[in-house]
Amino acid sequence: MRRSAMEHRRSETSGKRVAPDPHRLLGIYLNDHLAGAGAGIALLKRTSRAHRDTDAGRRLAALAEEVAEDRNSLREIMMALDIPAKDLRMLLGMAVAQAGRLKPNGRLLSRSPLSDVLELEAIRLGVEGKKELWRALHTLARSDPALDTEAISRLLARAERQADTLETLRLTAVGRALRGAPGAAAPPPRRRAGRAPKAGWAT
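Fair warning: this is a prediction, and the values are worked out from it, not measured in the lab.

Trainee: Just to check I follow, could you spell out the overall build of the protein chain for this structure?
Mentor: Broken down by element type, the protein chain carries six helices and zero strands. Going from N to C terminus, the protein chain has its helices and strands arranged as α-α-α-α-α-α. Taken over 203 residues, the protein chain has a buried fraction of 31%. Within the protein chain, residue pairs in contact and separated by at least 24 positions form 71% of the contacts whose partners lie at least 6 positions apart.

So, in structure tokens, the structure goes:
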């Protein structure tokens, strides 16, 4: 009886370690970041709508547009590398963004000042991850002519500016939510004279 092609391949690879495929792993990595960009855009738009007609709302709306442009740039890079976008991963990223609505904020049915802090922290973490993405691609560009080193450098510089903007907004939100100040961030804790500050979670 003839063995099926699948059985033949299984017998050939049985007991052997299959070497990882760098191109496949790169595809997984880039699709994860593509999904994360979709989640970040959704969160930015939601937060900006909550603060429409304010300076913070306008800055967040502008950031949402920039992140959408960054996502398009990532799509173009994936096309240049012959890596298809996986819709399933993108839908998963959107589901994560929706799940963010369930984070505790001190209120059951409405936003609170803590909502701003939590959302801005999540968005900033996403931008920090995007910075690492551009750094990784910049490294690959040194040996892959399909990648534009200068274009990736510009994307990295823009991500750094985005992170700075988000940190400014986050600290303002911290001041409003946790200190009751309408526009100031919480000051650092005072040190007691004659005692060294405690490190980490030391008690």
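Trainee: Hey, could you run me through the nonpolar core in this one?
Mentor: The nonpolar side chains of soluble globular proteins are, as a tendency, buried together. Ranked by internal contacts, the top residues of the largest apolar core, which has 33 residues, are L30, W134 and L137. At nine residues, helix α6 (residues 149-178) tops the list of elements feeding residues into this core. Ignoring any residue separated from it by four or fewer positions in sequence, one finds L137 in contact with L30, I77, L147 and I152.

Trainee: Please clarify how the packing of helix α5 (residues 113-141) against α6 should be interpreted in this entry.
Mentor: When two helices pack together, their arrangement is given by the angle between the helix axes and by the axis-to-axis distance. Between α5 and α6, the least distance of the axes is 8 Å, while the angle of their chain directions is 165 degrees. In terms of their interaxial angle, α5 and α6 are classed as roughly antiparallel. Read as a crossing pair, α5 and α6 show a hand that is left-handed.

Trainee: Explain the pattern of salt bridges to me, please; I cannot follow it from the model alone.
Mentor: Close approach of charged atoms allows side chains with opposite charge to pair. All told, the structure shown has 13 salt bridges when counted by the stated rule. In this structure, the salt-bridge partner of K130 is D70, at a minimum N-O distance of 2.6 Å. Separated by 60 residues along the polypeptide, K130 in helix α5 and D70 in helix α3 (residues 55-80) bring together distant segments of the chain. The shortest N-O distance in the salt bridge between R135 and E160 comes to 3.7 Å. Of this pair, R135 sits in helix α5 while E160 sits in helix α6, placing them 25 residues apart in sequence. Residue classification places E160 among the partly exposed positions, given a relative accessible area of 33%. Ionic contacts of the salt-bridge type, sharing partners, join the residues E121, R124, E128, K131, E167 and R170 into one network.

Trainee: How should I be thinking about α6 in this particular structure?
Mentor: Because each turn of an α-helix spans 3.6 residues, side chains separated by three or four positions in sequence point in the same direction. Over its 30 residues, α6 runs 42 Å from end to end, which matches the ideal 44 Å to within 8%, given 1.5 Å per residue. For α6, the capping residue at the N-terminal end is D148, with a side-chain oxygen 3.1 Å from the backbone nitrogen of E150.

Trainee: Even after reading the chapter, I still don't get the side chain of N31, so can you show me in this structure?
Mentor: Note that N31 resides in helix α2 (residues 22-50). A distance of 2.7 Å separates the side chain of N31 from the backbone nitrogen of K86, its partner in a polar contact.

Trainee: Explain unusual backbone geometry to me, please; I cannot follow it from the model alone.
Mentor: Even without being glycine, D53 reaches a positive phi, approximately 65 degrees. Tracing the chain through its elements places D53 in the loop between α2 and α3. With a relative accessible area of 70%, D53 lands in the exposed category. A positive phi angle, near 60 degrees, is found at D82, a position not held by glycine. Summarising the element assignment, D82 is placed in the loop between α3 and α4 (87-99).

Rules of the game
- Residues numbered from 1 in each chain as written.
- Predicted model: local features only at pLDDT ≥ 70, side-chain atom pairs only at ≥ 80, totals over all residues.
- Heavy atoms only, no water.
- Helix = DSSP H or I, 4+ residues; strand = E, 2+ residues; numbered from the N terminus.
- Buried < 20%, exposed > 50% of the residue type's maximum accessible area, 1.4 Å probe, protein only.
- Contact = heavy atoms within 4.5 Å.
- Core = buried A, V, L, I, M, F, W, Y, C linked by side-chain atoms within 4.5 Å.
- Axes fitted to C-alpha atoms, helices over the stretch in contact; angles between N-to-C directions.
- Parallel < 35°, antiparallel > 145°, perpendicular 65-115°, else oblique.
- Left-handed = near helix turned anticlockwise from the far one by under 90°.
- Salt bridge = Lys/Arg side-chain N within 4 Å of Asp/Glu carboxyl O.
- Expected span 1.5 Å × (residues − 1).
- Polar contact = N/O pair within 3.5 Å; in protein donor to acceptor, adjacent residues only side chain to side chain.

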